[in-house]
Amino acid sequence: MWKPKERIRHPLPEDRPPTAEEAARSRLFSPLTLASGLTLADRTWVPAMVPWRASEEGFVTKDVLDWYGRFAEGEPGVLVVEATGIRDVPSGPLLRIGHDRFLPGLAALTRRVRETSGGRTRLFVQIIDFLRIRRRPPHEKFLETHLVLTPAHRKNLVRETGDAAWTEAPDTSVRAFLRATSDDVLDRILDPRELEALRFGARERVTDVHEPPIRDLPRVLPSLFAEAARRAKDAGFDGVELHYAHAYTMASFLSARNDRTDGYGGSRDARARLPLEVFAAVREAVGRSYTVGCRFLCDEIIEGGSRVDDAIHYARLFARAGMDFLSLSTGGKFEDSKQPKVGEAAYPYTGPSGYECMPTALSDARGPFARQVEKQARIRAALRAEGLETPTVAAGGIGTFVQAESILAKGEADLVAAARQSLADPDWFRKHRAGRGAEVRRCIYSNYCEALDQRHRQVTCQLWDRQDLDAPDAVRSVEGNRRLVAPRWDR
């Protein structure tokens, strides 16, 4: 992951755990009823995390059930299931919801969470579409087989070498020259997208409208999302979260870098057109009494990307359209990601925008804790100024009761999400409610978990994954050296 120039190690913020009586009176543990009519027991929220536990075909496994069952033991108000693909296409060990054959496993998941939490936790599923990204190819293989030679390459060779013979040279000679030449020369012969495909791996963009599948996304996606939401409802989920954030299809339509000229890019309203059409199709499929919200970015961070003012505009449009909640995140884009190794794919959380999404305790002067809440608060304030009451979910480096309660008290958000702290201690909400907050296992924000995710390894936490490895209930990772769920709280 990218690191800021300043290397300041920030201590964990102090907490003052509440007594059970104080917790019962707190804003964090007060109920909230959404416009859909769904009541949340409290304002605590475990956002979507991809744990790499699904089968290669996208089915729910025992490890998936154990993962979400463990979070349900902590009884959060809302638990969001990982980004779950809406297309019926292979996508590796990621959950899928693009066909009815996935329903039995997803229904087993909803039952597990409901039974484990005693019905207290509301379970949403985050549904996502993503475009194709290829692994970074070996240098010679790309130039020998992947690169499609065009007259532009020959023209550039003539300009570069001063030899007009390149105009009629055979492809084998052109490829031999390209394989042997320097990176500087390649910079002048290949176009930017070809250089990206060589050095990072080819990646589709929503602006590739010369490709029919990309051009047709506005025609195809609303029904795909609607069918996925219908399956989620049939499987027993309490709601769906439309994934409009980070490096994926819908976020790319919202991005200020989206310059499509077909009515789905350019202006803010045009960029929001497809997200709104997707939501309308989903709402029609599941009805007004079913919870539907979205997760989107308060700031893309990248050069030329959307900023807070864009997010405010989108939030107003989404709220007026009738979304039940708006969950806010930051960054996590391909455009500034770190160059992957040969044979690996680019990972959208390795650049500056990825850092802003998941900052570590080794940070700049601003530090990692509640780093993006000020931006998220501006979005909520803009909604309230328009008379819009749609709840917002704050996230990013929040790991104490004091932080969460302060955010709610200041009106910076209506719900508080914590991914890394919930992974470190799935019982931390329950411990605070019981007046035993001093027993919370505090996340140290080292991003050990994120590093596992980047390598597509089963995600665990360094604070517990080597603890009691020989215990009867300690299911181990594929490598055999880590436990897959946190030890249970001895209440």
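None of the values given here were measured: they were computed from a predicted structure.

J.: Any chance you could explain the pairing of strand S5 (residues 78–85) here in plain terms?
T.: Within a regular beta strand, the side chains point alternately toward one face of the sheet and then the other, so they alternate between its two faces. Burial within S5 is extensive, with eight of its eight residues counted as buried. In this sheet, S5 lies alongside strand S4 (residues 44–46) in parallel orientation, the contact comprising two bridges. By the bridge assignment, Trp45 is partnered in S5 with Val78. When S5 meets strand S6 (residues 122–128), the two strands line up parallel, connected through six bridges. Bridging across to S6, Thr84 finds its partner in Ile127. Handedness of the crossover joining S5 and S6 through helix H3 (residues 103–116) is recorded here as right-handed.

J.: Looking at this structure, I do not really get the nonpolar core. What am I missing?
T.: Soluble globular proteins tend to bury their nonpolar side chains together. In this structure, Ile127, Phe237, Leu242, Tyr244 and Phe296 are the most contacted members of the largest nonpolar core, which totals 96 residues. Among the elements that take part in this core, helix H14 (residues 308–321) stands out by supplying eight residues, more than any other. If near-sequence neighbours (up to four positions away) are discounted, Phe237 is found in contact with Val81, Leu106, Leu109, Thr110, Leu123, Phe124, Val125, Ala232 and Tyr290. Membership of the second largest hydrophobic core comes to 16 residues, among which are Trp166, Ala169, Val185 and Leu186.

J.: Honestly, the sheet that holds strand S7 (residues 239–244) in this entry has me stumped. Any pointers?
T.: To summarise the sheet geometry, strands pair through backbone hydrogen bonds and adopt either a parallel or an antiparallel arrangement. Read around the barrel, eight strands follow the order S4-S5-S6-S7-S8-S9-S11-S12 and close on themselves; strand pairing throughout is parallel. Across the sheet, the mean angle separating the axes of adjacent strands is 30° when strand polarity is ignored. Pairing of S7 with strand S8 (residues 291–299) involves six bridges; the strand directions are parallel. When the bridges of S8 are listed, Val240 appears paired with Val292. Along the sheet, helix H2 (residues 62–73) makes contact with S4 and S5, crossing S5 at roughly 160°.

J.: Is there a simple way to think about the packing of aromatic side chains in this case?
T.: Tallied over the full model, the rule gives 15 aromatic pairs. Through a chain of ring-to-ring contacts, three or more aromatic side chains come together here, namely Tyr244, Phe296, Tyr314 and Phe318. The positively charged end of Arg273 is found above the aromatic ring belonging to Tyr264, 4.0 Å away from the centroid.

J.: Which parts of the structure should I look at to understand the UniProt feature "domain: NADH:flavin oxidoreductase/NADH oxidase N-terminal" (unreviewed entry) in the protein chain?
T.: If you check UniProt for "domain: NADH:flavin oxidoreductase/NADH oxidase N-terminal" (unreviewed entry), the listed places come out as residues 225–329 and 367–436 in our numbering. Annotation note: span residues 225–329, helix share 47%, strand share 18%, distance between end C-alpha atoms 21 Å. Helix makes up 47% of residues 367–436 and strand 9%, and the two end C-alpha atoms of the span are 27 Å apart.

J.: What is the right way to look at the side chain of Ser329 in this model?
T.: Following the sequence through the fold, Ser329 ends up in strand S9 (residues 326–330). Among the polar contacts listed, one links the side chain of Ser329 to the side chain of Arg295, at a separation of 3.4 Å. In this view, Ser329 contacts His246, Arg295, Phe296, Leu297, Cys298, Asp299 and Cys357; residues no more than four positions away in its chain are not counted.

J.: Just checking my understanding: could you explain the packing of H2 against H3 for this structure?
T.: In a packed pair of helices, the relevant descriptors are the angle between the two axes and the axis-to-axis distance. Here H2 crosses H3 at 25°, and the two axes come no closer than 8 Å. Viewed along their axes, H2 and H3 adopt a mutual orientation that is roughly parallel. Classified by chirality, the crossing of H3 by H2 is right-handed. From H2, Val64, Leu65, Asp66, Tyr68, Gly69, Ala72 and Glu73 reach across to H3, where they touch Ala108, Leu109, Arg112, Val113 and Thr116. Looking at the contact of H2 with H3 residue by residue, the class counts come to seven nonpolar, two polar and three charged.

J.: Honestly, the packing of H14 against helix H16 (residues 373–385) in this entry has me stumped. Any pointers?
T.: Axis separation between H14 and H16 bottoms out at 9 Å; the angle between their running directions is 40°. By the angle class used here, H14 and H16 are oblique. For the crossing formed where H14 meets H16, the hand is right-handed. Across from Val308, Asp309, Ala311, Ile312, Ala315, Arg316 and Ala319 in H14, the residues of H16 making contact are Lys375, Arg378, Ile379, Ala382 and Leu383. Considering only residue class, the contact of H14 with H16 consists of eight nonpolar, no polar and four charged.

J.: Would you mind going over the pairing of S9 with me for this structure?
T.: When you tally the buried positions in S9, you get five out of five residues, the bulk of the element. Side chains of S9 alternate between two faces, with Leu326, Leu328 and Thr330 and Ser327 and Ser329 buried alike. Of the pairings in the sheet, the one linking S8 to S9 comprises five bridges and is parallel in character. Bridging from a neighbouring strand, Cys294 pairs with Leu326 of S9. In terms of handedness, the path from S8 via H14 over to S9 forms a crossover that is right-handed. Pairing of S9 with strand S11 (residues 392–394), which is carried by two bridges, proceeds in the parallel orientation. Residue pairing across strands places Leu326 opposite Thr392, the latter belonging to S11.

The rules behind the values
- Residues numbered from 1 in each chain as written.
- Predicted model: local features only at pLDDT ≥ 70, side-chain atom pairs only at ≥ 80, totals over all residues.
- Heavy atoms only, no water.
- Buried < 20%, exposed > 50% of the residue type's maximum accessible area, 1.4 Å probe, protein only.
- Helix = DSSP H or I, 4+ residues; strand = E, 2+ residues; numbered from the N terminus.
- Pairing = 2+ DSSP bridges.
- Right-handed = clockwise from strand over helix to strand, strands pointing away.
- Core = buried A, V, L, I, M, F, W, Y, C linked by side-chain atoms within 4.5 Å.
- Contact = heavy atoms within 4.5 Å.
- Axes fitted to C-alpha atoms, helices over the stretch in contact; angles between N-to-C directions.
- Phe/Tyr/Trp six-rings, centres within 6.5 Å; stacked < 30°, edge-to-face > 60°.
- Lys NZ or Arg CZ within 6 Å of the ring centre and 35° of its normal.
- UniProt positions renumbered as here; feature names shortened; annotations may be inferred.
- Polar contact = N/O pair within 3.5 Å; in protein donor to acceptor, adjacent residues only side chain to side chain.
- Parallel < 35°, antiparallel > 145°, perpendicular 65-115°, else oblique.
- Left-handed = near helix turned anticlockwise from the far one by under 90°.
- Nonpolar A, V, L, I, M, F, W, Y, C, P; charged D, E, K, R; others polar.

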